Amino acid sequence: LAGARADVNPDEVASVLWKYFTELGSNAKETVDQLQQAEITKQLNTLLETKLQSANSYAEDLQRRLVPFATQLQARLEQDSQRLKEQIRQELAELQAKLAPYADEVHQQISTNIRQLQAKMSPYAEELRSQVDRGAGELQRVLEPYATELRDRLQDNAESIQASLSPYADRLQQQIDSGVETLKERLAPLADELKAQVGQSVEELRRGLSPYAQEVQDGLNRQLESLTAQMERAAEELRARLAASSEELRAQLSPLAQELRQAAGSDAESLRQRLAPLAQQLDERVGQTLEAFRQQAAPFGEAFGRQLVERLEEVRGKLDSGTAGVEDHLQLLEKEVRDKVAAFLSTAQPAEN
């Protein structure tokens, strides 16, 4: 049971529900009932069946209870949505009015926070660039001997080449897999560090603005909670992009091993003809693939920093104008979904023995 609980991530369940809710909102009214009864059941069951590999009473009970919970939550959000829009509008208008006498100080405080954030993000962006370059360079050095070995093998007789080619391809694939996993382990901690820095930056902004917003702390806190949620989501997106780029690198390198396995099945006469170009191109193809990875992944840190600055500038604009956008509403609705899913899963879990 403990293993089953660990497999069910509230964020993953919430992401399924939120995707379902947003798709529901974009469909015509006559399709809503069908979607509610069929699609959400399918999506949740697919997720749970993937996560809960072993059948047990907890898994069955969770599947049985989660769909009614999701549909009830959808109905609740529909009822509360308009109320939330009006609440956000009123809070921002009140916040802007209360902060108006301190507009210059507030503007300066946020501008200072933006500059501080940029200064803090710069070393992380450089570190990410450095780790991408270092990891790609190490993988390239590890794979270089395979090209030399393949060229040397071409000097052997055809039968010897054929016998040794499949084990050679397996070793090459293992080295690619190992190198990509090492690269992912190298990059993952940076996303955690950035996420921690995000929380610190928002807390510094909260302290800097608190003297001007004593009478409207709730409204300010809501805006800063929304800001934190956006920034943390950006950090998670960065983590996902780094992992996806690493997996894409694996997918681009793995065909080299596959080509060698295919060549091993060739007749002796055509074997050298197939291997000779690959032996000559192996270094170059590995180098080009790793350089493409560098070009793609190295700028992620700078892009992340720009994204955070944009979020802060949006907050500054909202405090200046007192005007909320659609995103404010959606962000808070999504936060409500995630909070309620986490609470539901914590109560749905059986007690530890």
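Residues numbered from 1 in each chain as written. Predicted model: local features only at pLDDT ≥ 70, side-chain atom pairs only at ≥ 80, totals over all residues. Heavy atoms only, no water.

The condition that has to hold: UniProt positions are given in the numbering used here, feature names are shortened, and annotations may be inferred rather than shown by experiment.
If you look the protein chain up in an unreviewed UniProt entry, it shows as Apolipoprotein A-IV from Eudyptula minor. Here the protein chain is described in UniProt, under the heading Subcellular location (unreviewed entry), as follows: "Secreted".

1. What about the overall build of the protein chain?
Filter applied, for reference: The way it works is that DSSP assigns letters per residue, a run of H or I at least four long becomes a helix, a run of E at least two long becomes a strand, and they are numbered from the N terminus. Exposed residues in this analysis have more than 50% of their type's maximum accessible area, buried residues have under 20%, and partly exposed residues fall in between, with area computed by a 1.4 Å probe over protein chains only. When checking whether two residues touch, look at their non-hydrogen atoms; a contact exists if any pair is within 4.5 Å. Every accessible area reported is derived by Shrake-Rupley at a probe size of 1.4 Å, with residue values counting cover from the shown protein chains alone.
Scanning the protein chain from terminus to terminus reveals ten helices and zero strands. Overall, the protein chain shows an N-to-C arrangement of helices and strands of α-α-α-α-α-α-α-α-α-α. The buried share among the 353 residues of the protein chain stands at 42%. The contacts of the protein chain with a sequence gap of at least 6 include a subset with a gap of at least 24, amounting to 86%. If you sum the accessible surface of the protein chain, you get close to 17800 Å²; carbon and sulfur atoms cover 48% of it.

2. Focus: the side chain of Ser111
Worth spelling out the cut-off: We define a polar contact as two N or O atoms separated by no more than 3.5 Å, with the added condition that, inside protein, one atom must be a possible hydrogen donor and the other a possible acceptor, whereas residues neighbouring each other in sequence contribute only through side-chain atom pairs.
Within the secondary structure layout, Ser111 lies in helix α5 (residues 103-153). Accessibility expressed as a relative area gives 12% for Ser111, which makes it buried. At a separation of 2.6 Å, a polar atom in the side chain of Ser111 contacts the side chain of Arg316.

3. Here's the deal with the UniProt feature "coiled-coil region" (unreviewed entry) in the protein chain
Under the UniProt annotation, the feature "coiled-coil region" (unreviewed entry) is placed at residues 45-105 and 217-248. The distance from the first to the last C-alpha atom of residues 217-248 is 46 Å, and the span holds 100% helix and 0% strand.

4. Quick word on the nonpolar core
Rule in force here: To form a nonpolar core, buried Ala, Val, Leu, Ile, Met, Phe, Trp, Tyr and Cys residues must be joined to one another through side-chain atoms within 4.5 Å.
Core analysis: the biggest nonpolar cluster contains 91 residues, and Leu17, Leu150, Leu165, Leu260, Leu275, Phe304 and Leu319 have the highest contact counts within it. If sequence neighbours within four positions are ignored, Leu275 has contacts with Leu150, Leu154, Ile161, Leu165, Leu260 and Ala263.

5. Points about the confidence of the model for the protein chain
Selection rule: Per-residue confidence from the predictor is reported as pLDDT, a score between 0 and 100.
Across the protein chain, the average pLDDT comes to 82, with 87% of residues at 70 or higher. Ranking the helices and strands of the protein chain by mean pLDDT puts α5 first, with 92, and helix α1 (residues 2-7) last, with 48. Low confidence marks residues 1-6, where pLDDT is under 50. Its contacts with residues over four positions away, or in another chain, come to eleven contacts. Scored below 50 in pLDDT, residues 27-32 shows two contacts in the model against residues more than four places distant or in partner chains.

6. Some thoughts on the packing of helix α6 (residues 158-209) against helix α9 (residues 300-321)
What counts, and what does not: Between N-to-C directions, angles cover 0 to 180 degrees, with each direction set by a line fitted to C-alpha atoms, over the stretch in contact for helices. Oblique is the label for any angle not under 35 degrees, not over 145, and not in the 65 to 115 range, which are roughly parallel, roughly antiparallel and roughly perpendicular in turn. Crossing handedness: left-handed means the near helix sits turned counterclockwise from the far one by under a right angle, and right-handed means the same turn made clockwise. We call Asp, Glu, Lys and Arg charged. Ala, Val, Leu, Ile, Met, Phe, Trp, Tyr, Cys and Pro are nonpolar, and the rest, Gly among them, are polar.
Contact geometry of α6 with α9 gives a least axis separation of 13 Å together with a crossing angle of 20°. With respect to their mutual orientation, α6 and α9 come out roughly parallel. α9 is crossed by α6, and the crossing has right-handed handedness. Contact residues: α6 offers Leu194, Val198, Leu205 and Leu209, while α9 offers Phe304, Leu308, Leu312 and Leu319. Considered class by class, the residues forming the contact of α6 with α9 number eight nonpolar, no polar and no charged.

7. Some details on the side chain of Gln230
Tracing the backbone shows Gln230 in helix α7 (residues 217-264). One polar contact links Gln230 to Arg311, side chain to side chain, over a distance of 3.1 Å.

8. Thoughts on the pattern of salt bridges
Side chains carrying opposite charge are able to pair once their charged atoms draw close together. Counted only if it meets this: When a carboxyl oxygen of Asp or Glu is within 4 Å of a side-chain nitrogen of Lys or Arg, the pair counts as a salt bridge.
Taken as a whole, this structure holds 28 salt bridges when the rule is applied. For Glu236, the salt bridge is made with Arg239, and the minimal N-O distance between the two is 3.2 Å. Here the residue Glu236 and the residue Arg239 both occupy positions in helix α7, the gap between them amounting to three residues, near one helical turn. For Arg250, the salt bridge is made with Glu247, and the minimal N-O distance between the two is 2.9 Å. Of this pair, Arg250 and Glu247 both sit in helix α7, three residues apart, which is roughly one turn of the helix. Connected via shared salt-bridge partners are Asp177, Glu181, Lys184, Glu247 and Arg250.

9. Topic: α5
Since the α-helix advances by 3.6 residues per turn, residues separated by three or four positions end up pointing in the same direction. To be explicit about the condition: By this rule the span expected of a helix is its residue count minus one, scaled by 1.5 Å. The angle between axes fitted to the seven-residue stretch ending at a residue and the seven-residue stretch beginning at it gives the bend at that residue.
Here α5 spans 74 Å end to end across 51 residues, near enough to the 75 Å set by a 1.5 Å rise per residue. Most pronounced at Val142, the bend in α5 amounts to some 25°, and the proline Pro145 follows within four residues.

10. What about the layout of surface pockets?
The test is simple: Only protein atoms enter the calculation, which uses a 1 Å grid: trapped sets of points that fit a 1.4 Å probe without letting it out are cavities, open sets showing protein on both sides within 12 Å along at least five of seven lines are pockets, and any residue with an atom within 4 Å of a point is a lining residue. Grid points are joined across faces, edges and corners, and a volume is the space filled by probe spheres set on the points.
Reported here for the largest pocket is a volume of approximately 530 Å³. At the level of secondary structure, the elements contributing two or more residues to the lining of the largest pocket comprise α2 (10-25), α7 and α10 (326-348). Ranked by residues supplied to the lining of the largest pocket, first place goes to α7 with seven residues. Considered class by class, the residues forming the lining of the largest pocket number one nonpolar, four polar and twelve charged.

11. Considerations on the packing of aromatic side chains
Just so we agree on the cut-off: Here a Phe, Tyr or Trp ring, Trp counted by its six-membered ring, pairs with any other such ring whose centre lies within 6.5 Å, and the pair is stacked when the planes are under 30 degrees apart, edge-to-face when over 60, and tilted otherwise.
In total, this model carries three aromatic pairs according to the counting rule given. Their ring planes at 15° and their centres at 4.2 Å tell us that Phe69 and Phe344 sit as a pair that is stacked. Remark: Phe344 occurs in helix α10 and Phe69 occurs in helix α4 (residues 57-99); sequence separation between them is 275 residues. Across this residue pair, the class does not change: Phe69 and Phe344 are buried. Ring centres 5.8 Å apart and planes at 55° place the aromatic pair Tyr146 and Tyr168 in the tilted group. A residue pair is termed long-range when its members are at least 10 positions apart, and Tyr146 in helix α5 and Tyr168 in helix α6 qualify at 22 residues.

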